[in-house]
Every structure is written in structure tokens, then in C-alpha cells.
Amino acid sequence: MSAFAGLLAQTPASGYAWAYLDEESKREVRRALLKAVCIPGYQVPFASREMPVARGWGSGGLQVTLSIIEPADTLKVIDQGSDESMNARALRDLIVRTTGVATTTDAREASIIQTRHRIPEDPLHEGQIIVFQVPIADPLRIVDARSSVTRRLHAERDYAPLWLYLYEDVATKGAPSFTHSYPVQVEGGYVMAPTPIPRHDIPRLCEAPFLALYGAGREATVYAVPPYTKVTPLEFDDRPFTVERFPEPCALCGASWTYLQEEADVDPPRYVCSDVAYCRRRRSG
Amino acid sequence: MTPVLALHDVTVRYPAGNYGCREISFDVFPGEVLGIVGESGSGKSTVLACANLDLVPTEGSVEILGRDVSRTRGAERRKLRAQALGIVYQTPQQGLDLAVTAGGNIAERMFGAGHRSYRVVRERARSLHAAMELPCDRFDVAVRTFSGGMRQRVQLAKALATSPPLLLLDEPTSGLDVSVQAKTLDLIRRIQRDHGLAMVIVSHDLAVIRMLADRVIVMREGRIVERGLTDQILGDPQHPYSQLLVASQLT
Amino acid sequence: MGYTSVADRTEAVEAAAALAAPAHAVPADGVSALIARCPLLIDQIAAECGVVEPALCARALLQAQGDVVRAVSLVRAWAATLPRIGRVRLATAELRAERRITPAFARPDGGQYLGASLDYAQRLLDLSSSERPAQQNENAHRNGALELPRTFPSAIAPLSDEGLIDATPRATPLDVTRTKHISGRGALLQLLARGETGTMTALAYTAIRGYGQRQDPTLMELRSGMLPVRARRPDGEEFVVGEITATTAEVTLYRLHDQGGADARFTLGVGATVGRLERRAIAAAMLDAGCARAASDPDAKRRPCDDEEFITVAIDGQEASGFVEHLKLPHYVTFTSDLDRVREARAERAQA
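Residues numbered from 1 in each chain as written. Chains lettered and ligands numbered in written order. Predicted model: local features only at pLDDT ≥ 70, side-chain atom pairs only at ≥ 80, totals over all residues.

## Brief notes about unusual backbone geometry
Logical step 1: With an omega dihedral of 0°, the bond running from D267 of chain A to P268 of chain A counts as a cis peptide bond.
Logical step 2: The residue P268 of chain A is located in the loop between β11 (260–263) and β12 (270–273) in this model.
Logical step 3: One non-glycine residue with positive phi stands out, namely S163 of chain B, at about 50°.
Logical step 4: By the secondary structure assignment, S163 of chain B is in the loop between α6 (148–160) and β7 (166–170).
Logical step 5: For S163 of chain B, a count of 11 C-beta atoms within 10 Å puts it in the exposed group.
Logical step 6: Its identity is not glycine, yet E221 of chain B carries a phi of approximately 50°, on the positive side.
Logical step 7: Relative to the helices and strands, E221 of chain B resides in the loop between β9 (215–220) and β10 (223–229). (Helix = DSSP H or I, 4+ residues; strand = E, 2+ residues; numbered from the N terminus. Buried ≥ 20, exposed ≤ 12 C-beta atoms within 10 Å, placed from the backbone.)

## Section: the confidence of the model for chain A
Logical step 1: For chain A, mean pLDDT is 91; residues scoring 70 or higher make up 95% of the total.
Logical step 2: Within the model, the stretch residues 1–12 of chain A combines pLDDT values under 50 with nine contacts to residues more than four positions away or in other chains. (pLDDT = per-residue confidence, 0-100. Contact = placed C-beta atoms within 7 Å.)

## Here's the deal with the interface of chain A and chain C
Logical step 1: Between chain A and chain C, the residue contacts involve 45 residues of the former and 38 residues of the latter.
Logical step 2: Contributions of two or more residues to the side of chain A that touches chain C are made by α4 (86–99) and α5 (147–155) of chain A.
Logical step 3: Top element by residues in the side of chain A that touches chain C is α4 of chain A. It accounts for three residues.
Logical step 4: Per-class residue counts for the side of chain A that touches chain C are 15 nonpolar, 15 polar and 15 charged. (Nonpolar A, V, L, I, M, F, W, Y, C, P; charged D, E, K, R; others polar.)

## Some thoughts on the sheet that holds strand β8 (residues 198–203) of chain B
All names here are of chain B.
Logical step 1: Judged by pairing direction, the sheet is mixed, and its six strands sit side by side in the order β6-β7-β8-β3-β9-β10 without closing on themselves. Whereas interior strands pair on both sides, the edge strands pair on one side only; in this sheet they are β6 (85–88) and β10. Direction aside, the axes of adjacent strands within the sheet are offset by 15° on average.
Logical step 2: Sheet analysis places β6 next to β7, joined by four bridges and oriented parallel. Bridging across to β7, L85 finds its partner in L166.
Logical step 3: In the packing of helix α1 (residues 44–51) onto the sheet, contacts are made with β3 (33–37), β7, β8 and β9, and the angle to β8 comes to roughly 150°. (Pairing = 2+ DSSP bridges. Axes fitted to C-alpha atoms, helices over the stretch in contact; angles between N-to-C directions.)

## As for the domain arrangement of chain A
Residue and element names in this part refer to chain A.
Logical step 1: You can read the domains of chain A as domain 1 (2–140 + 174–233) and domain 2 (245–285).
Logical step 2: Between domain 1 and domain 2, the C-alpha centre-to-centre distance is 26 Å.
Logical step 3: Partitioning the side of domain 1 that touches domain 2 into residue classes produces two nonpolar, five polar and seven charged. (Domains from an automatic or database assignment.)

## Observations regarding the environment of A18 of chain C
Logical step 1: By secondary structure assignment, the location of A18 of chain C is in helix α1 (residues 10–20).
Logical step 2: Through-space distance from the C-alpha of A18 of chain C to that of E162 of chain C is 65 Å; in sequence the pair is 144 residues apart.

## Describing the sheet that holds strand β5 (residues 129–133) of chain A
All names here are of chain A.
Logical step 1: The seven strands lie next to each other as β1-β9-β8-β5-β4-β2-β3, forming an open sheet whose pairing is mixed. Pairing within the sheet leaves two strands with one partner each, and these edge strands are β1 (44–45) and β3 (102–103).
Logical step 2: Alignment of strand β4 (residues 112–116) against β5, held across four bridges, turns out to be parallel. What sits directly across from Q114, in β5, is V131.
Logical step 3: Across the sheet, helix α2 (residues 23–38) touches β1, β8 (211–216) and β9 (221–225), and the angle it forms with β9 is around 40°.
Logical step 4: Relative to strand β2 (residues 74–79), α4 is tilted by about 155°, and along the sheet it contacts β2, β3 and β4.

Written out as C-alpha cells, the structure reads:
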């Protein structure tokens, strides 16, 4: 069977373009992504389309995935680290319905991983693309609500207001108040919002072997970090960045290096890996 | 010797046709204090805005340490201001973020200049805070709670944070109580001497000028009408307008 | 109780969707009944999704169980990936009004026509059980209702000729769904055309209520009726493809002498909306006027009602509701991080 005939056989839903988006929309996103990869960490505006998922629910990440996905790709979609989360399922269903691509829960086998709030625990490799869903694209949003102001600050690489914010936190509260979404600097240039991944995942962004694409549908921007790029959290030279700590290892698989979530509906309450597929695989040996 | 600040025939003309200032020229050398006097509307604030690179002159040029900087903008201007200029505004709100602590206001300038060590920045900010005779238990308190005089001191500390060679002051004591004015002027004189700063002080108050300035230029309706040593101008003014000013204030 | 983590709980998600779905199929005449009974609601949906097709909007509303925001989502998403095949032109001067009022002028050129409006009926809830035949209103004839709809001269034209009205800057129309950089008056007007009605009304209200520069708005003219839609053939000739219902409003704010030396005059804002939605058109005009006024005084402090950037962010109902409702998505990863920080901070303080 020719590749094209195979493609036709795969596409189940009628009335939709392959990968849902029309060609013009895909072109819009791809052009923005190319620019984003060339200027790591820079927020590239694009004409974000209205999608069948609400704004704030992954419309940006979805547009990115739909614009880059190919028939031979293998897709993994997670939310909070879980493939079974309702948001992950809804997004995955839409992508599969309009492309017929293979899916997996094993992060090592996926060529595209669309994620909300986590990076999979598995070590990832070259050739993989992670698509992050972004709620707030601008790390300077806490400093000023106006894009007209923050755009100029980025253009001048004037991040003094953000450093001041950090200083005030440490001086008056004892520690930076950033918990998740810790601002990071890309190759000493643009400061970027890494999406609400926990601090635990921030070190994974530095010199990563994968391509990181960030899509913000409501804010109509995409940004990107190519593989093997230096990405460092904003920290004072003399106050190192710290990650979350848990009192126990995972109650199910014993891992002490993963990001955990508390389960209070069992007696006694316990901590388990938030990366459900990773944990399950460890348990099955 | 290169002047720290030099204005050459600076003219600012607004789109409506009126002038902010006309053909202003002067030099300020290291360690020297220049006073600019005039009534409101004389154009002295416009001149200061040009020196601070807030305004681009319609004609003429502004030089800092021998370099023409009239048209710098963006990141370059920010860097220049961090390295070469300190400014104290007439109203503290213009120069400070009232919601931020005193230490934070001072520290921000250092972050802008590229400092990244919390301890080092904080210690320097603290020593400046103390040098301005601000109470140390207010170092981590938001400036909103400070009195007018204290806010001016925070502005001074902030201006000095990156050790610039030039300090610009716009009516530094107007709006302060008389007793506080004297203390603030004392402080400004002391830091000028201790750091060997070049200063430009704009004021309508001749007492301030007499106390701080080595030389004076008198402005009226956008132009310089007289210039000279402070003692000369205040003791023996030649231009009728200068005579009027002096007579109305210093007798 | 998780709705996220374990595979065998997916039945919960499917059960939730099934419970929410209507018990019966949408009745065959549901769409036409909705259009006939709730024309203003259908107009609102058409305006907010930017698609003038009443049957589609009615169908979406039924599918969304009456949730306007969701109905607008459905139609907008459907339209988003459709190709744009051309532009049409609507000249508001050509609006054939069935209703024309000029609150600013007692006797304008062309006269005032109240048209069919609920404005003049009291808001008394009618609890009678039997249906009564509609009462014949003889007054309608006296108002010359039979002469409508027709076009009218612009009521503000004489003031404009006198130089009393600020020239409104020319706005280039743009398709905000296909454009990256959304700023400027053209974009603002587009966003106002598709904005969420409630938000626009609230923001405009804050203007009169005093949360902004003093505005003192006056409604100059309001028209509601049929607007011809023109398209252009490849050979360049224009022709009318049809008509849509529309409402237009013009609002002025008066300005006394300002620092620049310009004379006292009026700032004009214009609002237009699909459908017979007067509140929307007036709010849009007020917001346009507020922004135009603020633009001439760049140093004045901005409040939401005259802050163009704020308005641009706030008035898209889809972005607003989507982001507000996204809080329902799981956030336990991020909350764990917050919890960690709070506990750590307390521990540090307890040690010190």
C-alpha cells in the first residue's frame, strides 16, 4: 500500500482536514515555530485559531501539535503527568480522530509528547519533541499586566524588575515566592516562562536532548528552545535554586527521585509518582 | 579635561510651535556643581530632561564624558544611565516604587547594572541606606510608609548605587518641611564632597543654589540670560531678570 | 476522588458526558422555534461569534443546552478552519432603519422613529396562563411606521461640518482571527464587534459611573434595521449579496479647552453590531469614544473603561471564560509545589 493510501486508510473522521487544521492555519503556526526555534525563548506572536477546546484548556499546545504531526509520529498526551487525565484524553482523542497516528503511554517511544504541567520522568532522547501547554506566556506578567510594557522590557533584555521581584521576596519573605512556573533564562538572553511545571522539572530543561515547543493559544504566542540549549532558572549567585521535597518515596514503586502527588483517599495517606505510566512500568518490572 | 556633561546649543521645540528651551550650552566638569535657576516655565526642567536623556533635543547635542548621547534609546540608554547618571526627581514617586522596600529600590539599580549576588547587593544597599542616615530597621519596609524627607534620601541612595560620576537633582528639597530641607541639603553637600560628584541642581530656591552650587546659570523663557560663579550672580547680578530674582528672594 | 490518575476511572468521564447530554434528541422544529421565540438571544450569539447565520447559532445553542458561551465556542471553532473566500462591505450609512432615535436632538432632520421596541413597555412579568392575541396598536400608524424602513441623514453631520467633532482616526479593518498583532483602532472595533455583551456593558457602565476620566457621554444617534451586504466580483463590480440586521450607535464625549490650545469640542465613538442589540452598540460606541479620548491625553492615568489594552484583553468572552473555567482542570502538580513552599517557609521560620 502506498504511503498516501495508507494515510487515507488511517484517517477515520470525515469532514475534517487531516490533523483538523486547514493548511493556512498550519502554515501560520509553522512559520511562527520556525522563527521561535531560531530565537530561543522569544515569544513569537501568531494568529491563534479558535479550537474545539476552550481557551485555557490547551488550544495553543493543540495547534502546535496539529501543525507539526506527521503520519509516522507516535503521540503521547499527558496532564499532571497522567495519560488518563480527562484533559489529556480529550486532546488525544481529537488528534487521533483526525490523524489516525499511533499513540503510546511510554515516553521513551513517543516522538511527540504534548503535556500540561509535567515533563515525563523517563530520560528523553534526541529526535523527540515536547509540546508544552502554556497558560501565561510572559514571565514579566507579574511585573506588569500590560504587554505594551513587557514587550519593551524583553526587547531591551531589561529584567531588573524581575530580579527586584526576587529580591523583595527573599528580603521580606525569606525565599522566592515562585513555586511552579519558575522563570528561566535561555542562553543568557530572553527570560522565558517555562509553563507551570514544578521546580523539580526545571533542571531537565537545561541542555535537553529534545526540542521544546511552547504553545499559548489564548495569548496567541509560541516560543521554543532547541536541543542542547542552556536554560537556567533566575537565581542569585549566592542563593541556589531549590526543588520540591517529599517526606517519603513513592509508595507504589519506591522511586525517591520522581515528582510525587499525595493520595489522601487511602488509609494511611501516601505519596505516589505523578508520572503514572512511568510508575506502572517500574512496578511491572 | 573632558566635561562630565556638556550641552551644545540644545533647543527643544514642541509640535505646537512653542519652545521648551533655546540654544542652551554649558559644561559641567568632574567634582563641579552647576545650579540652574529660574521661575516655573523658565525651561530648567526641560534642560534637565535632556541631560537625563528623557528628551531628544530638536537641535543641538548632549555629550556625556565626551560622547554624543543625544539620541540614545533602549538598552543603550539604560546602560548609560546605570553607569554615568544618577537622578533625583522632584516627587519621589517618579523615581521610586512606593510599594517596594527601601533596600529594593536601591538594589534595583544594581540589578539593572548586572549584579547577581543577593548578599553583595544587599550589603551595598544597606551601607548606602545607612550613609543617607536612614533608620536601619526601615531597610526592608516599603517606601510608601516613609516621610517625604526620607523618600528623598532613598532616592539619593538609589542614585548613588552604581557610583555614577554625575548626579542630576530636580528641586530636591521643595515640598519638604523647612527643618528637613536643611538636613537634606547638608546630606547632598556631604555626598558631593565625599564622592567628588559632578552635579546639576535645578531649583527656583536661591538658598539651595547658594549652599550647593559652584556656578549658576539663570534661565528665563527658555533661554540662559546670565551665567557665572554663584557668589557673583547672587551678590552682584547684572541682568535685570537676575536682579529681580535675587531681590525677591535674598533680601 | 481523582478524575485523572487511573485507567479504570475513565468510565466516570464518559458517564459525566452522558448525564449532561439531553435526554431526547433536539426536536426537528427546535431551531426555527428558537429563532422565532428568542431572536435577540440568537442575535447575541451571532454577534459574539462573528458568524451571521441564525440557524447555525440556534443549533449551537441547543447543542450547548442554552449555555451562550459554549454555543459561541461551537460556532467559532467551526468557522475557524474554514477558508476565507473574500471580503464584504457594509456601509452603515446605507442601513435602512426600522428604528431611529436621536437622544441628543429633539427634532433631527428625518425625524425620530421609535419602531418596534420593548423600551417603552414596563418590565412587568406576565404570569397569565392563556395566550392572548397580540393587540393592535393604532399608534403605530400615526408614527408613519408604514414608511419604514428607510435611510436617514446623519444627525451629527451638521456638527461635524461646524468643526465641533473630533475627526475620528481612520481605522483599517482587519480579521482578528487571522492577524497576529492586534492593536490600534481597527482591531479595537473588530474586537468590540465580537466582544462579550455583558463585559462591554459592564466596562461602559464604569465609565459613566466615574471610574475613569470624566466622560459625560451622550448618545447622538441609534439606528436599528437592515444593512445591505456588498461583495465584489473578480471584474471589480460590486453587488449586493443580501441583508443582515444591524444596530449602529454614535456617542460623544464633550471636551473643554485643553492644554494644547485646541478649542472645545466633542470626541466621537462609534459602535456597530450584528442584530438588533442596542445595549451592545451603545456600549461599543462608549468604549470607542473613551479610548479615543484617552489617546489624546497619553499621560492621564488609565482606568479599564478607557484603557485600550485592558479592553482588548477583557472583552473576548471565549478567552475570558475559557481561562476562568480552566481552573477546573487538575492543578495538583502545581498545587503540590505551592504547598511545598508554604510548608518550607513555615519550617524555616519555626527554626529561626
